[in-house]
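This is what each chain is made of:
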Amino acid sequence: MAQRGLCIRNLELARNMLAIQRRNVTSSTQDIQTGLTRKEMYEMVREQQSFKKGEICDSVSVYVRGGAGGMGYRRKNGTGGEGGSVWLEALSMYQNLNHIHHHHNRKYVAGPGDNANTNLIRGLKGEDSVVEVPPGTVATDLRTGKVICDVDREGARYLLQGGEKGGCLVNNYISKRGEERWVKLVLKSIADVGLVGYPNAGKSSLLSVLSTATPTIGSYPFTTLKPTVGHMQTIDRKMVVKIADIPGLIEGASENKGLGHVFLQHIERTKVLLFVLDVQGFTLNRRTPHRSPFETFGYLCRELELYMPGLTKRPIVVAMNKMDTAGSDPEYDQFLGLYKSKLSKLIKVHSIVPISCYTGQGLDQLQDLLYELKYKNKRKITEADVV
């Protein structure tokens, strides 16, 4: 009995040692290009993709792997089935990437091909896996940084990772495991109108009164850390305008200061730019100089042009916010005078509307203007547009 118990303990010890060796081999397998182990790569991706509830997910990384090929059948020259592929498909039913963030740890693995046998000389192809995304999503290889595809229209379908071939005479009837890769998905088209402005200009407050969205509102800069999309619609719901609250920009955003590129990427494909300016100007902190509304508008246009030339050629609407504060009328008149004399020939503004999210001043006019820009878009810039 003692000898039998010793044999059992030795067998359990051998199994534990084998498990430890396998675990060490798996964890030490490093990517050639990044030098990271699989575990380190997975933890890095998980940290990059955390976001609070209620915010939209605009960037997510997924693990994709093609299906393994089926084994061939040497006796009858049978060919194994080809492994399934992983596809990227654009569907307008999705507005963001939240559904991917919660999808099976963001792993998309295609099915393996069937093995050939006496009853099946040619194995069947493995089942494909489809990553469904909204139009306007860009897929990039996380390791190499190369753009795989740019999904720009509804129903577009692109190959992310193909499956392996089945076993046949060429490969000695032995199939291979499907290739794997990490793919980063970035959503760049999320709204019809993009709110552009410095921190604490009132963008979130404006979005909350124009739409049904409930963004975080506070009297301090950088309240919004993730883009928030709201839907502004008429009572009969025949006209709907999607408005995106882009986190506040700072000087140097075009050089990626303060996550500038992460925020600016959402403005690339918006049809209308709605500048939200504080009529009292803007000061980031005690070390930075005070900027007047005109200087604020000029610096914002400069950052947009440096990031993407021609971006300010799109329809621009300026909402002069906080008109309920003391001394707002002289500041507003000064902005109009400076714009007409110095900037009107360089930057064409469709309309300048004085508003107040607190009292509701000018909000009805701003709503009608945004509806008109989306559904008609035929109105010309005239002096009557400047209120």
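Structural data are supplied above this passage.
Let me begin by describing the structure that accompanies this report. Residue positions within a chain follow its written sequence, with the count starting from 1. Local features in this predicted model are restricted to residues whose pLDDT is 70 or higher, and side-chain atom pairs enter the listing and the counts only when it is 80 or higher, whereas totals over whole chains, interfaces and linings include all residues. With hydrogens and water set aside, each side-chain value is computed from the structure's full complement of heavy atoms.

### Digging into the pattern of salt bridges
How we decide: Basic side-chain nitrogens of Lys or Arg form a salt bridge, by our definition, when they fall within 4 Å of a carboxyl oxygen of Asp or Glu. Buried, partly exposed and exposed residues are distinguished by accessible area as a fraction of the type maximum, computed with a 1.4 Å probe on protein chains only: under 20%, between the cut-offs, and over 50%, respectively.
On inspection of all chains with the given rule, the structure shows 7 salt bridges. For the salt bridge of Glu180 with Arg177, the shortest nitrogen-to-oxygen distance reads 3.8 Å. You can call Glu180 partly exposed: its relative accessible area is 25%. Note that Arg302 and Glu303 form a salt bridge whose closest N and O atoms lie 3.4 Å from each other. Judged by relative accessible area, Arg302 falls into the partly exposed class, the value being 46%.

### Some remarks on the packing of aromatic side chains
What counts, and what does not: In summary, the pairing rule links any two rings of Phe, Tyr or Trp, Trp by its six-membered ring, whose centres are within 6.5 Å, and it sorts them by plane angle into stacked for under 30 degrees, edge-to-face for over 60 and tilted for everything else. Helix and strand labels come from DSSP, where a helix needs a run of H or I of at least four residues and a strand needs a run of E of at least two; each type is numbered from the N terminus.
Under the defined criterion, the tally for this structure stands at 6 aromatic pairs. A centroid spacing of 4.7 Å and a plane angle of 15° characterise the contact between Tyr198 and Phe282, whose relative ring orientation is stacked. One end of the pair, Tyr198, is in the loop between β9 (193-196) and α4 (203-210); the other, Phe282, is in the loop between β12 (272-278) and α6 (293-307), with 84 residues separating them in the sequence. Here Tyr198 falls in the buried class, since its relative accessible area comes to 2%. With relative accessibility at 13%, the residue Phe282 sits in the buried group. For the ring pair Phe297 and Tyr339, a centre distance of 6.4 Å and an interplane angle of 80° mean the geometry is edge-to-face. With Phe297 in helix α6 and Tyr339 in helix α7 (residues 328-343), the pair connects residues that are 42 residues apart, well separated along the chain. Like Phe297, the residue Tyr339 is buried in the burial classification. Members of the aromatic cluster, connected to one another through ring pairs, are Phe275, Phe294, Phe297, Phe335 and Tyr339.

### Comments concerning the nonpolar core
So the rule is basically this: Definition of nonpolar core: a set of buried residues of the types Ala, Val, Leu, Ile, Met, Phe, Trp, Tyr and Cys, connected through side-chain atoms within 4.5 Å. Note on contacts: a residue pair qualifies if any of its non-hydrogen atoms lie within 4.5 Å across the two residues.
Within the largest apolar cluster, 31 residues are counted, with the highest numbers of intra-cluster contacts made by Phe275, Phe297 and Val318. Elements that contribute at least two residues to this core include exactly β12, α6, β13 (316-321) and α7. If near-sequence neighbours (up to four positions away) are discounted, Val318 is found in contact with Phe275, Leu277, Phe297, Phe335, Val349, Ser351, Ile352 and Val353.

### Quick look at empty space enclosed by the protein
We count it as follows: With a 1 Å grid spanning the protein atoms alone, the term cavity applies to any set of points in which a 1.4 Å probe fits but cannot get out, the term pocket to an open set with protein on both sides within 12 Å along at least five of seven lines, and the term lining residue to any residue with an atom within 4 Å of a point. Grid points are joined across faces, edges and corners, and a volume is the space filled by probe spheres set on the points.
Summed over the entire model, instances satisfying the criterion amount to 2 cavities of 30 Å³ or more. In this structure, the largest cavity spans a volume of roughly 40 Å³. Tyr198, Pro199, Ala201, Val276, Leu277, Asp278, Gly281, Phe282 and Thr296 are the residues that line the largest cavity. In terms of residues, the lining of the largest cavity owes the most to one element, β12, which gives 3 residues.

### Side note on the packing of α6 against α7
The following threshold applies: Here an axis means a line fitted to C-alpha atoms, over the contact stretch when the element is a helix, while the angle between two N-to-C directions is reported on a 0 to 180 degree scale. The labels follow the angle: roughly parallel below 35 degrees, roughly antiparallel above 145, roughly perpendicular from 65 to 115, and oblique for the rest. Gly counts as polar in this scheme, as do all residues outside two lists: the nonpolar Ala, Val, Leu, Ile, Met, Phe, Trp, Tyr, Cys and Pro, and the charged Asp, Glu, Lys and Arg.
The geometry of α6 relative to α7 is characterised by a closest axis approach of 9 Å and an angle of 45° between their N-to-C directions. By the angle between their directions, the pair α6 and α7 is classed as oblique. Residues Pro293, Phe294 and Phe297 of α6 form the contact with α7, whose participating residues are Glu331, Phe335, Leu338, Tyr339, Lys342 and Leu343. Tallied by class, residues from the contact of α6 with α7 come to 7 nonpolar, no polar and 2 charged.

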